[in-house]
Amino acid sequence: MLGKKNKLQLATTFALIRSRRSPAAPFRNTYEKSRKGLFQKFSMTTIVPIPCDSYKLGFIGAGKMAESIARGVVKSGLLPASQIRTAHLGNARRTAFESFGVKVLDHNSQVVEDSDVVVFSVKPQVVKGVVMELRSLLSEKQLLVSVVAGVKLKDLQEWAGHSRFIRVMPNTPAAVGNAASVISLGAAATKDDGELISKLFGAIGKVWTADEKHFDAITGLSGSGPAYIFLAIEALADGGVAAGLPRDLALGLASQTVLGAASMAVNTGKHPGQLKDDVASPGGTTIAGIHELEKAGFRGILMNAVVAASKRSRELSNN
Ligand SMILES: NC(=O)c1ccc[n+]([C@@H]2O[C@H](COP(=O)([O-])OP(=O)(O)OC[C@H]3O[C@@H](n4cnc5c(N)ncnc54)[C@H](OP(=O)(O)O)[C@@H]3O)[C@@H](O)[C@H]2O)c1
């Protein structure tokens, strides 16, 4: 039996080793030997830390999302394009990636064989077949990532044959470097793996970490949210036209107003209710507009939209 003090020391050592950045492998091996027979209930790990500035990044699925991430990563200087690869046989997609220096191979298997981090960025309908087809090439030496909407870690891990997997839910503003992404770590993904992927998605916007149980709600809010705001921009512009503005001017003002308001909400640290109060003077124009929105149930409508989209996401991911 281990004494209380020894147990505490071993737990501390274990936590220290887990939290080490690279290179942790030699320490891990020594530690694995030293704990043999003491902590048999922990399985021997084959997880090797991935060096955060020199890893090779591969995309399975050379579509819009993969291109946004790859462009953001190269633009931010996080990785050079020479360390990124994908596969596609179509000329248009090949040219899109090659135009900024990313290597485009012919087969998914070549991408997997030549990558430390593999991002699955295909459509939900095909992801199972794609992962299963590559299964024999996948090992815990690689960190696997999925940006596929509505597909759970439990299934991805089962198809891949291991659980060093991270699920990410980005959104469409990724295309302009302003995504809101949420990551959730699979069973064998380490803290360092999480940091590496946070940095990767940090190149195309902001990143949060959340329990996977929240992913349907996240889909309803940030995943579907850009569409709600596009609708709002269009409606504001229509209001401007109804009030006599030329269409171009109305659309420009509506878009910039949403961008400016969002920027204030993010950058001032003030509660949005406070920001609203600050611009609504007694008997003024803004409070007259707000009164109309409240009469029509504006807040309730937005809340209902998020709840309905979350519910739909849950239905789809349970199918
Ligand atoms: N776009 C977004 O903002 C966004 C946001 C959140 C999540 N996502 C998720 O990201 C994933 C990709 O979305 P996307 O917008 O990038 O879609 P997309 O542009 O259609 O990209 C998917 C790519 O996968 C390729 N593909 C199809 N089957 C393949 C296979 N067997 N092996 C390798 N590649 C294959 C497609 O090739 P073809 O060109 O031949 O069709 C296409 O280039 C989806 O699962 C989506 O849920 C996207």
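Residues numbered from 1 in each chain as written. Predicted model: local features only at pLDDT ≥ 70, side-chain atom pairs only at ≥ 80, totals over all residues. Heavy atoms only, no water.

- With an unreviewed UniProt entry as reference, the protein chain is termed Pyrroline-5-carboxylate reductase, source organism Forsythia ovata.
- Recorded in UniProt for the protein chain, the comment headed Subcellular location (unreviewed entry) runs: "Cytoplasm".
- The UniProt entry for the protein chain carries this comment under Sequence similarities (unreviewed entry): "Belongs to the pyrroline-5-carboxylate reductase family." (UniProt positions renumbered as here; feature names shortened; annotations may be inferred.)

**Remarks on the nonpolar core**
Argument step 1. In terms of nonpolar packing, the biggest core is built from 33 residues, with Leu57, Val117, Ile197 and Phe201 touching the most fellow members.
Argument step 2. Among the elements of the structure, β1 (57-60), α3 (64-76), β4 (117-120), β5 (143-146), β6 (165-169), β7 (179-185) and α8 (191-202) are those that each provide at least two residues to this core.
Argument step 3. Beyond its immediate sequence surroundings of up to four residues, leucine 57 is in contact with Leu79, Gln83, Ile84, Arg85, Ser115, Val117, Val119 and Leu200. (Core = buried A, V, L, I, M, F, W, Y, C linked by side-chain atoms within 4.5 Å. Buried < 20%, exposed > 50% of the residue type's maximum accessible area, 1.4 Å probe, protein only. Helix = DSSP H or I, 4+ residues; strand = E, 2+ residues; numbered from the N terminus. Contact = heavy atoms within 4.5 Å.)

**Considerations on the side chain of aspartate 193**
Argument step 1. Mapped onto the elements, aspartate 193 comes out in helix α8.
Argument step 2. Looking at aspartate 193, its side chain comes within polar contact range of the side chain of arginine 164, at 2.9 Å.
Argument step 3. A polar side-chain atom of aspartate 193 sits 3.0 Å from the main-chain amide nitrogen of threonine 190.
Argument step 4. Setting aside anything within four residues of it in sequence, one finds aspartate 193 in contact with Leu143, Arg164, Ile166 and Ala188. (Polar contact = N/O pair within 3.5 Å; in protein donor to acceptor, adjacent residues only side chain to side chain.)

**Overview of the pattern of salt bridges**
Side-chain pairs of opposite charge can arise where the charged atoms are in close proximity.
Argument step 1. Within this structure, the stated rule accounts for 17 salt bridges.
Argument step 2. We note a salt bridge from aspartate 114 to lysine 56, for which the minimum N-O separation is 2.9 Å. Highlighted residues: aspartate 114 in the loop between α5 (108-113) and β4 and lysine 56 in the loop between α2 (25-34) and β1, separated in sequence by 58 residues.
Argument step 3. A residue is classified by how much of its surface remains accessible, and lysine 56, at 31% relative accessible area, is partly exposed.
Argument step 4. Across the salt bridge formed by glutamate 294 and arginine 299, the nearest N and O atoms sit 2.9 Å from each other.
Argument step 5. Owing to a relative accessible area of 38%, glutamate 294 belongs among the partly exposed residues under this scheme. (Salt bridge = Lys/Arg side-chain N within 4 Å of Asp/Glu carboxyl O.)

**Here's the deal with helix α7 (residues 153-160)**
Argument step 1. Regarding α7, the residues found buried are Leu153, Leu156, Gln157, Trp159 and Ala160. For α7, the angular spread of the buried residues around the axis is 165 degrees, confining them to a single face. Exposed and facing more than 90 degrees away from the buried side of α7 are Lys154 and Glu158.
Argument step 2. Taken together, the buried residues of α7 touch α6 (124-134), β5, β6 and β7.
Argument step 3. Within two residues after α7, glycine 161 carries a phi angle of roughly 85 degrees, on the positive side. (Arc of directions from axis to C-beta.)

**Some details on the UniProt feature "binding site: NADP(+)" (unreviewed entry) in the protein chain**
Argument step 1. This chain's UniProt record puts "binding site: NADP(+)" (unreviewed entry) on Ile60, Gly61, Ala62, Gly63, Lys64 and Met65.
Argument step 2. When its relative accessible area of 23% is taken as the criterion, glycine 63 is described as partly exposed.
Argument step 3. Look past the residues within four positions of glycine 63 in its chain and what remains in contact with it is Arg93 and Phe97.
Argument step 4. Considering the arrangement of structural elements, one finds lysine 64 in helix α3.

**Describing the confidence of the model for the protein chain**
Argument step 1. Here the protein chain shows a mean pLDDT of 87. Residues at 70 or above account for 86%.
Argument step 2. Note that pLDDT drops below 50 for residues 1-44; the model gives that stretch 30 contacts with residues more than four away or on any other chain. (pLDDT = per-residue confidence, 0-100.)

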